[in-house]
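Each chain is listed here by its residues.
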Amino acid sequence: MSTRLWRTITIILLFLSTVVVACQGESEGNPQPLITTSQHLGSTPLSSNQSSPSPPVVPGAQLESKAVSILDTVEYEVRESLRLVNQGTGQPDKQDLWIALIGSLPPYQEVLSMEISPGNYRTFSDEYGNQFAEFDFSDMPPGAEIPVEIQYQVAVNQLAYNLTNCEGELPDLYTQPELHIESDNPQTIDLARQLSQGKHSACEKIEAIYNYIGNHLVYSYNGASWGAQAALGEMGADCTEYSSLMIALSRAMGIPAQYFEGVLYLSKVTEGLARTEHAWLQVYLPGMGWAPMDPTMGRSPQNRRDYFARIPPDHIIVTRGRNPSTLRGASYFTHLYWPGNSTQIQVEDFGWVVTPAGG
């Protein structure tokens with residue numbers, strides 16, 4: 001997927017700086033820059049949580065469906081880690097880190113355990129039901145380092161959907177255009193119209209989209225977040241564009257579709273097809289509910305049937321939605337600190353390790 005490189009952006013915004021000054025009770029004066037650091041695949045006081053908090057359960061994740069079969073379940077040990085390093089001469093007046101948490105999401109996955117370090121954080125959910133841990137690291141002197149690590153044990157299901165009955169009503173949700181999902185673009189609408197010609201059921205239309213993407217897009221890791229419209233050009237595409245285009249075309253046909261961002265366990269068979277950081281999607285099909293699709297992993301004709309309304313037990317969902325507000329356009333985490341003229345805090349060594357449990 002588009003693993004967005006960590007970057008530090010100095011935002012000289014009077015409004016934002018003034019808000020921070022007011023909240024900190026500082027005297028008026030020259031506003032100080034607010035620094036944002038992001039991985040680019042609430043105001044309640046923090047409380048000291050247990051070292052082993054209850055794993056989050058994402059609400060309303062999946063309607064029950066008799067059309068889905070669980071073929072296998074594999075347990076993984078997942079470790080997410082990063083380090084904050086204060087390379088400046090000053091201590092931040094304010095510093096926050098938000099990290100998306102892997103949650104239980106039936107029928108895809110169940111989080112069996114989760115340990116978060118350090119333990120001084122609070123948890124909350126966003127508009128998609130994604131769960132986050134929020135850390136306040138304002139007391140960070142020059143030269144200090146803060147390691148952050150989250151360890152999970154996750155059970156992941158291999159799923160297959162019966163597409164025999166694909167008739168019925170479609171819900172009116174996740175059908176609107178949004179940033180990077182340009183389903184109202186004339187080019188997207190025209191292509192959706194072409195692909196739907198002669199197709200009667202939602203399953204037939206979605207399969208036409210899926211095959212078009214596999215046949216026409218050229219996979220090339222770009223490290224950016226271009227979205228659906230860019231995928232129709234000649235710049236190449238990775239899993240972010242593959243998934244965004246399939247969602248945009250689905251929504252242009254009035255079929256609900258939602259973006260997933262997560263991590264893969266890459267075996268010797270699949271390690272050449274994608275990166276650990278990955279994106280895919282789910283589509284709502286009448287008669288069965290939400291069904292997973294991975295057009296990136298299924299781009300080869302030899303693999304195509306394995307990722308259409310089917311998913312192997314190696315996809316671990318971290319967030320739902322193309323643009324979760326908490327992440328501010330980033331992937332997996334967002335880091336903000338202030339001021340930026342005397343404080344230089346870097347995020348280093350961010351990464352994932354995914355291994356089969358007991359392996």
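For the structure given in this document, a descriptive report is provided here. Each chain has its residues counted from 1, following the order in which its sequence is written. Given that this is a predicted model, residues contribute local features only at a pLDDT of at least 70 and side-chain atom pairs are listed and counted only at 80 or more, while totals for whole chains, interfaces and linings are drawn from all residues. For side-chain calculations, the full set of non-hydrogen atoms in the structure is used, while hydrogens and water are omitted.

Points about the sheet that holds strand β10 (residues 257-264)
Then, in step 1: The antiparallel open sheet is built from 4 strands, whose spatial order is β12-β11-β10-β14. Two strands in the sheet have a free side with no partner beyond their single neighbour: β12 (289-293) and β14 (315-320). Each adjacent strand pair in this sheet contributes to an overall mean axis angle of 40°, direction not counted.
Then, in step 2: For two strands to be treated as a pair, DSSP must find no fewer than two bridges joining them. A run of DSSP states H or I qualifies as a helix once it reaches four residues; a run of E qualifies as a strand once it reaches two. Both are numbered from the N-terminal end. In terms of strand pairing, strand β11 (residues 277-285) meets β12 through 5 bridges, oriented antiparallel. Counterpart to Val283 in the pairing with β12 is Ala291. To obtain an axis, a line is fitted to C-alpha atoms, over the contacting stretch when the element is a helix, and the angle between two such axes runs from 0 to 180 degrees between their N-to-C directions.

Here's the deal with the environment of Asp96
Then, in step 1: Looking at the element boundaries, Asp96 is found in strand β5 (residues 94-101).
Then, in step 2: For Asp96 and Ser138, which are 42 residues apart along the polypeptide, the C-alpha to C-alpha distance reads 7.3 Å.
Then, in step 3: When sequence neighbours within four positions are dropped, the list of residues in contact with Asp96 reads Glu134, Phe135, Asp136, Thr334, His335 and Leu336. Contact criterion: two residues are considered in contact whenever any of their non-hydrogen atoms come within 4.5 Å of each other.

Observations regarding helix α3 (residues 202-216)
Then, in step 1: Each helix should span, by expectation, one fewer than its residue count multiplied by 1.5 Å. End to end, α3 covers 21 Å across 15 residues, agreeing with the expected 21 Å (1.5 Å per residue, within 8%).
Then, in step 2: What α3 keeps buried is the set Ala202, Cys203, Ile206, Ala208, Ile209, Tyr210, Tyr212, Ile213 and Gly214.
Then, in step 3: Looking at the buried positions of α3, the neighbouring elements they touch are α2 (186-196), α5 (239-252), β11 and β12. When a residue's accessible area, from a 1.4 Å probe over protein chains only, is under 20% of the maximum for its type it is buried; when over 50% it is exposed; and in between it is partly exposed.

A word on the nonpolar core
Then, in step 1: To form a nonpolar core, buried Ala, Val, Leu, Ile, Met, Phe, Trp, Tyr and Cys residues must be joined to one another through side-chain atoms within 4.5 Å. Counting 52 residues, the largest nonpolar core has Ile206, Leu285 and Met293 as its most contacted members.
Then, in step 2: When residues of this core are traced back to their parent elements, those giving at least two are β9 (145-161), α2, α3, α4 (228-231), α5, β10, β11 and β12.
Then, in step 3: For Leu285, the contacting residues outside a window of four places in its chain are Leu163, Ala202, Cys203, Ile206, Ala291 and Met293.

Some details on the pattern of salt bridges
Then, in step 1: Salt bridges are counted wherever a side-chain nitrogen of Lys or Arg sits within 4 Å of a carboxyl oxygen of Asp or Glu. With the rule as written, the count across this model stands at 10 salt bridges.
Then, in step 2: Among the salt bridges present, the one from Arg122 reaches Glu134, with a minimum N-O distance of 2.7 Å. Residue Arg122 is found in strand β7 (residues 120-125), and its partner Glu134 is found in strand β8 (residues 131-136); the two are separated by 12 residues along the sequence.
Then, in step 3: Between Glu207 and Arg305 there is a salt bridge whose closest N-O contact spans 3.0 Å. Of this pair, Glu207 sits in helix α3 while Arg305 sits in the loop between β12 and β13 (310-311); the two residues are 98 residues apart in sequence, bridging distant segments of the chain.
Then, in step 4: Residue classification places Glu207 among the partly exposed residues on the basis of a relative accessible area of 27%.
Then, in step 5: Three or more residues joined by partner-sharing salt bridges are found here, namely Arg83, Glu145, Glu348 and Asp349.

Side note on the side chain of His278
Then, in step 1: With respect to the helices and strands, His278 occurs in strand β11.
Then, in step 2: Judged by its relative accessible area of 0%, His278 falls in the buried class.
Then, in step 3: Within the local environment of His278, its side chain forms a polar contact with the side chain of Asp294, the two groups lying 2.8 Å apart. Polar contacts, as used here, are pairs of N or O atoms within 3.5 Å; protein pairs need one atom able to donate a hydrogen and one able to accept it. Residues neighboring in sequence count only if both atoms are side-chain atoms.

Observations concerning the layout of surface pockets
Vacant regions in the atomic arrangement are exposed by a probe of water-molecule size rolled over the atoms.
Then, in step 1: The space that makes up the second largest pocket amounts to roughly 150 Å³.
Then, in step 2: Lining residues are those with an atom within 4 Å of a point, where the points come from a 1 Å grid over the protein atoms alone and group into cavities, where a 1.4 Å probe fits but cannot get out, or pockets, open sets with protein on both sides within 12 Å along at least five of seven lines. What lines the second largest pocket is simply Glu77, Val78, Arg79, Ser113, Met114, Glu115, Gln151, Tyr152, Gln153, Val353 and Thr355.
Then, in step 3: In terms of residue class, the lining of the second largest pocket is made up of 4 nonpolar, 4 polar and 3 charged. Grid points are joined across faces, edges and corners, and a volume is the space filled by probe spheres set on the points. Nonpolar residues are Ala, Val, Leu, Ile, Met, Phe, Trp, Tyr, Cys and Pro. Charged residues are Asp, Glu, Lys and Arg, and all others, Gly as well, are polar.

Focus on empty space enclosed by the protein
Then, in step 1: If you add up the space inside the second largest cavity, you get close to 40 Å³.
Then, in step 2: If you trace the second largest cavity, you find it lined by Tyr108, Val156, Asn157, Trp280, Pro292, Ile311, Pro312, His315 and Ile317.
Then, in step 3: Sorting the residues of the lining of the second largest cavity by element identifies β9 and β14 as the ones contributing at least two each.

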